[in-house]
Amino acid sequence: VSSHDSEGEIAGRFFLGTPSTAKTSNYEPNWIQLSAHEFFHIVQQYIMFGRQFEESSTFNDQVPNHFREGSANFIGYALSSENLGWYSDAMDNSLRRYWNSLRGWQPTNTESDMVNLLVLTERREEQKAFELGYPLGSIFYEWMVGTYGYDKFLSFIDEMGNNKDFNVTIQKSFGMSKLDFYRKAAPYILSAFIVTGK
């Protein structure tokens, strides 16, 4: 992904290469969302254009990984699934696939455990937290859109570009602290872990 300013107009290039060796006997549901997922990263950058920089030391404080990758997964599956059943199955499969590789890393039995996982997946440095940010974040942002609507989701992304602290973004967007917002989402996220059989 690259972009530049050309005579007052923002222009971008997006290149996506995929192997041609995939076989139907080895199908993975996450394949359907790859293009939409990567394109949504461009949308994220566009909405926050010029107000946050991935290379900066404060990027994780401003743009948590569960947003960066999780919301891209959520949008990717939503745009790529032809019906609600396929979308739901793909989201469940994503959580199951990631969590099976991380089983036992953190407890997932209570709403407090879900809040803890959201906090852990804010940052990109720890590999397990980074990986879980994809499916956990997708469920979190599914809940956000389902609860507050898509327009609020877009305004939330715009607000993220204005603040160096994600807690401030949540406070300004939803009128509560980040942890209180995580607690509000926790029952829904926990239900997804229960459905996938943890």
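In this report, we go over the structure that sits alongside the text. Every residue gets a number counted from 1 within its own chain, in the order that chain's sequence is written. Local features in a predicted model are, by the rule used here, given only for residues with pLDDT of at least 70; side-chain atom pairs are given and counted only at 80 or more, and totals for whole chains, interfaces and linings are based on all residues. As a rule here, side-chain values come from all non-hydrogen atoms in the structure, and water together with hydrogens is ignored.

We define a salt bridge as a side-chain nitrogen of Lys or Arg found within 4 Å of a carboxyl oxygen belonging to Asp or Glu. As enumerated under the stated definition, the model contains three salt bridges in all. A salt bridge links Glu122 to Lys178, with the shortest nitrogen-to-oxygen separation between them at 2.9 Å. With Glu122 in the loop between helix H6 (111-120) and helix H7 (127-148) and Lys178 in helix H10 (residues 178-195), this residue pair connects regions lying 56 residues apart in the sequence. In this structure, Arg183 engages Asp180 in a salt bridge whose closest nitrogen and oxygen atoms are separated by 2.6 Å. You can see Arg183 and its partner Asp180 sitting in helix H10, three residues apart, about one turn around the helix. A 1.4 Å probe rolled over the protein chains alone gives each residue an accessible area, and that area as a share of the maximum for its type sets the label: buried under 20%, exposed over 50%, partly exposed in between. Arg183 sits in the partly exposed class, given a relative accessible area of 46%. According to the relative accessible area criterion, Asp180 is partly exposed, its value standing at 38%. Helix and strand assignments follow DSSP, with helices taken as H or I runs no shorter than four residues and strands as E runs no shorter than two, numbered in order from the N terminus.

With 46 residues, the main nonpolar core has Phe67, Phe140, Tyr141, Met144, Phe153, Phe156 and Ile189 as its most contacted residues. Sorting the residues of this core by element identifies helix H1 (34-47), helix H4 (70-80), helix H5 (84-102), H6, H7, helix H8 (150-160), helix H9 (166-174) and H10 as the ones contributing at least two each. If you tally residues by element for this core, the top one is H7, at nine residues. In this description, a nonpolar core means a group of buried Ala, Val, Leu, Ile, Met, Phe, Trp, Tyr and Cys residues linked to one another through side-chain atoms lying within 4.5 Å.

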